[in-house]
Amino acid sequence: MAESDDPGGVETIWLNARLATLASGATGLGTIDNGALIARDARIVFAGPQDAIPADRRARARVVDCERRWITPGLIDCHTHLVYGGDRAREFEMRLAGATYEEIARSGGGILSSVRATREASEEDLIRSALRRLDALIAEGVTTIEIKSGYGLDVEAERKSLRVVRRLAEIRPVAVRATLLAAHALPPEFADDRAAYVETLAERMIPALAAEGLVDAVDAFCERIAFTPAEVARVFDAARRLGLPVKLHADQLSNGGGGALAAKFGALSADHLEYTDEAGVAAMASAGVAAVLLPAAYYVLRETHAPPVALLRKYRVPMAVATDSNPGTSPMTSLLLALNMAATLFGLTVDECLAGATRNAARALGLEADIGTLEAGKWADLAIWDIEQPAELVYRLGFNALHARVWRGQ
Ligand code: NIG
Ligand code: FE
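My aim in this report is to walk through the structure given alongside it, one point at a time. Computed from a prediction, not measured in an experiment: that's the story for all the values here. (Residues numbered from 1 in each chain as written. Chains lettered and ligands numbered in written order. Predicted model: local features only at pLDDT ≥ 70, side-chain atom pairs only at ≥ 80, totals over all residues. Heavy atoms only, no water.)

### Considering the site of ligand 1
- Within the structure, ligand 1 sits among 15 residues, and Arg88, Tyr101, Tyr151, Gln252 and Thr329 are positioned closest to it.
- A distance of 2.4 Å separates an oxygen atom of ligand 1 from a polar side-chain atom of tyrosine 101.
- Between a nitrogen atom of ligand 1 and a side-chain N or O atom of glutamine 252, the distance comes to 2.8 Å.
- Burial of ligand 1 by the protein chains amounts to 100% of its free accessible area of 330 Å².
- Of the residues that constitute the shell around ligand 1, the class distribution is four nonpolar, nine polar and two charged. (Near = heavy atom within 4 Å. Polar contact = N/O pair within 3.5 Å; in protein donor to acceptor, adjacent residues only side chain to side chain. Areas by Shrake-Rupley, 256 points an atom, 1.4 Å probe, with all protein chains shown as cover. Nonpolar A, V, L, I, M, F, W, Y, C, P; charged D, E, K, R; others polar.)

Written out as C-alpha cells, the structure reads:
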C-alpha cells in the first residue's frame, strides 16, 4: 500500500470504493471500506483509504466514482483448455446413459475425439470458437487466463493451437499464458509405441515450439489412462532443460503419486488432486507447489472423492480455483460458478474461493509479482462489482454481478 514518490503522469483514481485487496499480509480479504485505488501507466500506484489522497491529486486525475461498489483484483482463470475443435455433447449423452469417462476414453472417444476435430479445424475456426468462450470469461471480470494446448498431439496441430492462444491475446484485452500439454493423451499414430511419442515430445516438440516463443509452461496428464510418472519425468526433464516451468494434472482419477511428482520437479502447480494423499500434500508444501482445484470436472464426472482440502490447509498449500474449461470434463465458461462449486462441493470458505481466483491463481502461474492482489506495483487489473458483500460472488449461481472490468488501467 505504499505510494510511489512521483505524482507525475496521467493518473486514474477510483474513488468511493470498497476494496478487497487480497494482499498477502492482510487478514481475510484485506478489506478497505472507504477505499480508493490509483493507477498510472497501467500499474497500481496506490490502494488504500481514500482520505489519504490529497485534494490536489484528485483534481489532476481522471476520477471514477465507484458509488460504494466493491473492487477485487481482476479474476484469473489459471487452468483452461479453451482452444479445441468440435464439442463432446454426444459423449455427454453417452455418459447420461451410463458409460463412464474412462470407458469412452479407452474406446477412442474422449480427448482423442477432440484431437480429431482440432486437427481438422483451421486456425480461424479455432479462434472463432475459442473467442466465444473467452468472451464469456472476460464478461465475468477475468483479466488473465491460462490456456493449454493438448488437442493437437503432433507438432503441427500443437503449433496451430498455441498460435491461436497467442492470437487471442492480441484480439482481446486480456493476458494469456500458453501452456504446452502435448502429454495429454497418446496420439493414435503412436498407439503401439508410447516410448517413441514421449521421446518425440521431449526431444523435438518441446524444443521446437519453445524456440518459436509459443510456450510459457509445460503440463502433463499423469494418470492410468494417460502418462506414467516415468514418462512425465522425461517430459519435465526436457522442459526444465529449456528453463520452462512445469505444471501437472495430478491424481484426478486415481492416486498416482502426482502431488509428489509435481513437487520433485518444483512445479508451479499440481492440479485436480482428488486422490492426492497426505504424503503428496506434504511434498507439495515443502516444494512450494500451488494446488489448483477444478470442481467443475469433479461435478461433471460425478466424482465422489473430493480433494484433500483439510490437508492442503494444514500444510498451508496455496489453493487456486479454476474452470478447467474443456470439451469433455468441464464444458463451462464461468469462473464464478467454479467458485460456487468449490465452496459447495469442496467446502472452501468465501475467502478461500476469492483468493483462489486471484492471489493464489497468480501464484499457480508464477505471476504473483505482477497480478492477483490490489497492491502498488501490480498491473491495474480490476473487477468492479455491483454487490453489497464479497460472499455474493460465490453464493449466486449463474448470475454475473460485474459492473466494470479494467485491464492494465483501461
Ligand atoms: O483437465 N484431465 C485431463 N484433461 C482434461 C480433460 C480433457 C478432456 O476430457 O478433453 C481435464 O479434466
Ligand atoms: Fe485440465
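From this point, things continue past the structure.
### Notes on helix α5 (residues 123-138)
- When the terminal C-alpha atoms of α5 are compared, their 21 Å separation across 16 residues agrees well with the 22 Å that a helix rising 1.5 Å per residue should span.
- Leucine 131 marks where α5 bends most, by close to 25°.
- Taken together, the buried positions of α5 are Leu126, Ile127, Ala130, Leu131, Arg133, Leu134, Leu137 and Ile138.
- Here the buried face of α5 lies against β6 (75-77), α4 (111-120), β7 (142-148), α6 (155-171), α13 (335-346) and β15 (402-406). (Helix = DSSP H or I, 4+ residues; strand = E, 2+ residues; numbered from the N terminus. Expected span 1.5 Å × (residues − 1). Bend = angle between axes of the 7 residues up to and from the residue. Buried < 20%, exposed > 50% of the residue type's maximum accessible area, 1.4 Å probe, protein only. Contact = heavy atoms within 4.5 Å.)

### Some remarks on the coordination of the iron ion (ligand 2)
- Distances from the iron ion (ligand 2) to its protein donors, His79 (NE2), His81 (NE2), His249 (NE2) and Asp324 (OD), fall at 2.1 to 2.3 Å.
- Binding-site remark: the iron ion (ligand 2) is held by donors from one chain whose sequence spacing is H-x1-H-x167-H-x74-D. Of this pair, histidine 249 sits in strand β10 (residues 246-250) while aspartate 324 sits in the loop between β13 (319-321) and α13, and the two are 75 residues apart along the sequence. Like histidine 249, the residue aspartate 324 is buried in the burial classification. (Donors = N, O, S within 2.8 Å, 3.2 Å for Na, K, Ca; no water.)

### Section: the packing of aromatic side chains
- One pass over the structure, following the stated rule, counts five aromatic pairs.
- Plain terms: the ring middles of tyrosine 298 and phenylalanine 346 are 4.9 Å apart, the flat faces sit at 80° to each other, and that makes the pair edge-to-face. Note that tyrosine 298 is positioned in helix α11 (residues 295-300) and phenylalanine 346 in helix α13, a separation of 48 residues in sequence. Grouping residues by exposure puts tyrosine 298 and phenylalanine 346 together as buried.
- We note arginine 43 situated over the ring of tryptophan 379; from NZ or CZ to the ring centre the distance is 3.7 Å.
- Directly above the ring of tyrosine 84 sits arginine 133, whose terminal nitrogen or CZ lies 3.8 Å from the centroid. (Phe/Tyr/Trp six-rings, centres within 6.5 Å; stacked < 30°, edge-to-face > 60°. Lys NZ or Arg CZ within 6 Å of the ring centre and 35° of its normal.)

### Regarding α13
- Its twelve residues place the ends of α13 15 Å apart at the C-alpha level, agreeing with the 16 Å of an ideal helix rising 1.5 Å per residue.
- Of the residues making up α13, those classed as buried are Leu335, Leu336, Ala338, Leu339, Asn340, Met341, Ala342 and Phe346.
- A positive phi of about 80° marks glycine 347, the residue just after α13.

### Some points on the sheet that holds strand β12 (residues 290-293)
- With parallel pairing, eight strands are arranged side by side in an open sheet as β6-β7-β8-β9-β10-β11-β12-β13. The open sheet has two edge strands with one neighbour each: β6 and β13. Between one strand axis and the next, the sheet turns through 25° on average, direction left out of account.
- In this structure, strand β11 (residues 269-272) lies alongside β12, joined through three bridges in parallel fashion. Of the residues in β12, the one forming a bridge with serine 269 is alanine 290. (Pairing = 2+ DSSP bridges. Axes fitted to C-alpha atoms, helices over the stretch in contact; angles between N-to-C directions.)

### As for the pairing of strand β2 (residues 31-40)
- Among the ten residues of β2, seven are classified as buried, and the element is accordingly described as predominantly covered.
- For strand β1 (residues 11-20) and β2, the ladder comprises seven bridges, and the chain directions are antiparallel. Paired with leucine 19 across the bridge in β2 is isoleucine 32.
- Both β2 and strand β3 (residues 43-49) contribute to a ladder of six bridges, which runs antiparallel. Across the sheet, residue alanine 36 finds its bridge partner in β3, namely glycine 48.
- As consecutive antiparallel partners, β2 and β3 are separated by two residues, and within that stretch aspartate 41 has a phi angle of approximately 50°, a positive value.

Such coordinate-based values are descriptive only and should not be taken to indicate function.
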